Amino acid sequence: MASTAGTAQTSSVRRVIVASLVGTSLEWYDFFIYGTAAALVFNQLFFPDFDPLVGTLLAFTTYAVGFVARPLGGVVFGHYGDKLGRKNVLVVTLLIMGIATFLIGLLPTYGSIGVWAPVLLVVLRFLQGLGLGGEWGGAVLMTLESGAAHRRGLNASWPQVGVPIGLLLANGVLSLMGAVTSESAFVDWGWRVPFLLSGVLVIVGLWIRLTITESPLFREVEEHDAKVKAPIVDVLRRYPSRVLLAIGARVGVDVAFYTFILFVTTYVATYLGLPNTYALNAVLIAAAVQVFLIPWFGVLSDRFGRRPVYLFGAVGAAIWVFVFFALLDTERFVLIVLATVGALFFHAAMYGPQASFIAELFPTRVRYTGASMGYQLAGILGGALAPIISVALLDRYDTSLAVSAYVVAVLVVTTVCVLLAPETSRIDLHADPATEAPTDRRGR
């Protein structure tokens with residue numbers, strides 16, 4: 001009987017992991033096709049009256065709106081995730097993201113409806129941000145709170161794998177459309193196909209997500225009537241330093257990532273004048289490698305602790321960013337691939353343990369709200385501004401050294417915050433992390 005119960009529990013955890021991974025992959029697919037399209041064609045379609053680099057900057061500004069919306073989504077859906085449960089919120093966030101992405105694929109351009117085109121684009125991008133803002137916390141907590149304590153780093157890393165998978169799908173579909181259509185056809189209608197495809201993918205994701213059960217730790221909170229009336233108030237009153245540490249630990253990771261996978265498209269295609277496929281294919285290869293790297297670093301964080309693995313990635317990324325641009329400047333495809341793979345290697349070292357590290361800073365009753373706030377607020381300072389600042393720095397100084405210095409400066413902030421934060425890998429998730437006594441590496 002015990003063996004049967006253990007097998008059933010393992011199967012349930014696996015279903016939760018698969019559902020979280022599939023749902024998160026689809027949400028990031030939706031989010032990334034916008035970013036890549038913004039780098040490739042949105043300047044022509046929605047800002048045609050501007051210089052190409054300025055048009056790209058404006059397109060990235062609409063891209064940034066999604067990051068501004070993410071904290072709001074994190075707070076709103078975090079509140080309901082802590083009140084109503086993780087599973088219910090995840091269904092809603094997937095629907096919001098999928099519908100908004102599908103509608104972008106139907107959106108008329110500036111040439112058809114004038115200024116209303118970029119206005120509607122911003123509205124739909126805002127809805128994308130709301131959906132993704134609520135998605136991350138729920139997906140991470142479902143995996144973190146459902147598995148064994150000694151595997152939390154690995155389990156929570158699986159929703160993080162949704163990022164490279166979503167990136168792989170987005171760039172893969174866009175690359176395929178670029179290959180099977182002419183340049184003019186891609187600009188006319190080819191870019192719309194990946195957005196419209198989201199409608200089909202979301203139906204699959206919803207079917208999988210509806211089959212899982214609620215997080216065991218959240219059920220415990222419900223059974224003991226321990227839910228708080230206003231999770232955000234409780235987080236800001238009792239854990240403000242934890243929120244700030246989470247923001248700081250996250251922001252450098254975000255800046256590095258969007259420099260490595262999004263700004264690279266602008267740099268290679270616009271600044272170096274190379275084919276778009278160079279950057280797109282390099283990111284595809286690097287993302288495929290990162291699918292395996294993220295859970296591996298999650299395992300290492302279970303073994304050695306969150307902070308050592310995280311710090312290795314932050315320091316490595318700060319060094320690699322200079323190598324990254326030097327390799328891009330060779331204009332050789334093989335070296336561009338090497339630059340991108342190396343960049344995402346160090347990013348994975350931070351991103352693998354990041355989910356468990358941030359989530360473990362908060363107790364179960366407000367974990368959805370606290371983790372989402374820290375994670376998503378960093379997105380405004382990180383991913384939202386990184387492409388804009390990078391393009392502006394390149395335009396102003398005409399050298400990648402300015403961009404590298406910017407990335408390093410933000411990674412220094414992340415390094416300091418990780419050093420100031422507690423090691424979370426051995427805490428008891430049933431306890432309040434703000435009052436729990438520290439434990440040794442064996443959990444005693």
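Analysis parameters
- Per chain, residue numbering runs from 1 following the sequence as it is written.
- Thresholds applied to this predicted model are a pLDDT of at least 70 for local features of residues and 80 or more for the giving and counting of side-chain atom pairs; totals over whole chains, interfaces and linings are not thresholded and use all residues.
- With hydrogens and water stripped out, all remaining heavy atoms of the structure feed into the side-chain values.
- Note on conventions: DSSP H or I runs of at least 4 residues are helices, E runs of at least 2 residues are strands, and numbering of each starts at the N terminus.
- Here the term buried applies to any residue with accessible area under 20% of the maximum for its type, exposed to any over 50%, and partly exposed to those in between, with areas from a 1.4 Å probe on protein chains only.
- The criterion used for residue contact is that any of the two residues' heavy atoms lie within 4.5 Å.
- Values of accessible area rely on a 1.4 Å probe in the Shrake-Rupley scheme; residue burial ignores everything except the protein chains shown.
- The salt bridge definition used is simple: a Lys or Arg side-chain nitrogen within 4 Å of an Asp or Glu carboxyl oxygen.
- By convention, a stacked pair of Phe, Tyr or Trp rings (six-membered ring in the case of Trp) has centres within 6.5 Å and planes under 30 degrees apart, an edge-to-face pair has planes over 60 apart, and any other such pair is tilted.
- Between N-to-C directions, angles cover 0 to 180 degrees, with each direction set by a line fitted to C-alpha atoms, over the stretch in contact for helices.
- Any angle from 65 to 115 degrees is called roughly perpendicular, while one under 35 is roughly parallel, one over 145 is roughly antiparallel, and all others are oblique.
- Should the near helix be turned anticlockwise from the far one by less than a right angle, the crossing is left-handed, and should it be turned clockwise, the crossing is right-handed.
- For this scheme, ten residues count as nonpolar: Ala, Val, Leu, Ile, Met, Phe, Trp, Tyr, Cys and Pro. Four count as charged, namely Asp, Glu, Lys and Arg, and the remainder, Gly too, count as polar.
- In this analysis, the expected span of each helix is defined as 1.5 Å times one less than the number of residues it contains.
- Fitting axes to the seven residues that end at a residue and to the seven that start at it, the angle between those axes gives the bend at that residue.
- Only buried residues count toward a nonpolar core, which is a set of Ala, Val, Leu, Ile, Met, Phe, Trp, Tyr and Cys residues joined through side-chain atoms within 4.5 Å.
- Per-residue confidence from the prediction method is given by pLDDT, with values spanning 0 to 100.
- Think of a patch as exposed residues, more than 30% relative accessible area, with no salt bridge, where like charges cluster within 9 Å and nonpolar side chains (Val, Leu, Ile, Met, Phe, Trp, Tyr) cluster within 5 Å.

1. Looking at the overall build of the protein
Item 1. Counting its regular elements, the protein contains 17 helices and zero strands.
Item 2. When the 444 residues of the protein are sorted by exposure, 60% land in the buried category.
Item 3. When contacts within the protein are restricted to residue pairs at least 6 apart in sequence, those whose partners lie at least 24 apart make up 85%.
Item 4. By element, 69% of the accessible surface of the protein is carried by carbon and sulfur atoms, the whole surface being about 16700 Å².

2. As for the pattern of salt bridges
Item 1. Taken as a whole and judged by the stated rule, the model has seven salt bridges.
Item 2. Residue D234 pairs with R365 through a salt bridge whose shortest N-O separation is 3.6 Å. Highlighted residues: D234 in helix α10 (residues 231-238) and R365 in the loop between α14 (333-359) and α15 (367-384), separated in sequence by 131 residues. A single burial state applies to D234 and to R365, both of which are buried.
Item 3. Here the residues in one salt-bridge network are R152, D302, R306 and E360, joined through shared partners.

3. A closer look at the packing of aromatic side chains
Item 1. Applying the stated criterion across every chain yields a total of 19 aromatic pairs.
Item 2. Ring geometry for F297 against F345: centres 5.5 Å apart, planes inclined by 70°, an arrangement best described as edge-to-face. A residue pair is termed long-range when its members are at least 10 positions apart, and F297 in helix α12 (residues 276-304) and F345 in helix α14 qualify at 48 residues.
Item 3. What makes F297 buried here is its relative accessible area of 3%.

4. Here we look at the packing of helix α5 (residues 116-144) against helix α6 (residues 152-180)
Item 1. Contact pair α5 / α6: the axes reach a minimum separation of 8 Å and the direction vectors enclose 150°. Comparing the axis directions of α5 and α6 gives the class roughly antiparallel. Viewed along their axes, α5 and α6 form a crossing whose handedness is right-handed. Together, W136, A139, V140, T143 and L144 of α5 and R152, N155, A156, P159 and Q160 of α6 make up the contact between the two elements.
Item 2. The residue makeup of the contact of α5 with α6, split by class, is six nonpolar, three polar and one charged.

5. With respect to helix α13 (residues 306-328)
Working note: α-helix, 3.6 residues per turn, so residues spaced by three or four point in the same direction.
Item 1. Under the 1.5 Å per step criterion, the end-to-end length of α13 is 31 Å for 23 residues, consistent within 8% with the ideal 33 Å.
Item 2. Considering bend angle alone, the principal kink of α13 is centred on W320 and spans about 35°.

6. Comments concerning the side chain of S198
Item 1. Mapping S198 onto the fold places it in helix α8 (residues 192-209).
Item 2. When neighbours within four sequence positions are excluded, S198 is seen to be in contact with Y29, D30, G98 and T101.

7. Let's talk about the nonpolar core
Item 1. Judged by nonpolar contacts, the single largest core of 134 residues is most densely connected at F42, Y258, I261 and L328.
Item 2. Residue contributions to this core peak at 18 residues, all from helix α11 (residues 240-271).
Item 3. Ignoring any residue separated from it by four or fewer positions in sequence, one finds L328 in contact with V264, Y267, V268, L272, I336 and A339.
Item 4. V91, L94, V202 and L206 belong to the second-largest nonpolar core, a separate cluster that totals five residues.

8. Quick look at the confidence of the model for the protein
Item 1. With 90% of its residues at a pLDDT of 70 or more, the protein shows a mean pLDDT of 84.
Item 2. Ranking the helices and strands of the protein by mean pLDDT puts α13 first, with 96, and helix α1 (residues 2-46) last, with 72.
Item 3. Every residue in residues 1-8 scores below 50 in pLDDT, and together they form zero contacts with partners more than four places removed in sequence or on other chains.
Item 4. For the stretch residues 436-444, pLDDT sits under 50, and the model shows 14 contacts to residues farther than four places along the chain or on other chains.

9. Observations regarding the environment of L141
Item 1. Looking at where L141 falls in the secondary structure, it is placed in helix α5.
Item 2. On a C-alpha basis, the gap between L141 and P159 in space is 9.5 Å, while along the polypeptide they are 18 residues apart.
Item 3. Leaving out residues up to four positions away in the same chain, L141 has contacts with R86, A359, R367 and Y368.

10. Things to note about α14
Item 1. With 27 residues, α14 extends 39 Å between its outermost C-alpha atoms, agreeing within 8% with the 39 Å of an ideal straight helix rising 1.5 Å per residue.
Item 2. If you look at α14, its biggest bend is around 40°, right at P353.
Item 3. Most of α14 sits inside the fold, with 21 of its 27 residues counted as buried.

11. As for a nonpolar patch on the surface
Item 1. Together, L72, V76, Y80, L84, I113, V115, W116, V119, L120, V123, F126 and L127 make up a nonpolar patch on the protein surface, roughly 1000 Å² of accessible area in all.
Item 2. Looking at the nonpolar patch, the elements with two or more residues in it are α2 (52-84) and α5.
Item 3. It is α5 that provides the largest number of residues to the nonpolar patch, a total of six residues.
Item 4. By secondary structure assignment, the location of V115 is in the loop between α4 (110-113) and α5.

12. What about unusual backbone geometry?
Item 1. Here E331, not a glycine, exhibits a phi torsion of approximately 65°, which is positive.
Item 2. Positionally, E331 belongs in the loop between α13 and α14.
Item 3. On the basis of relative accessibility, which here comes to 37%, the residue E331 falls in the partly exposed class.

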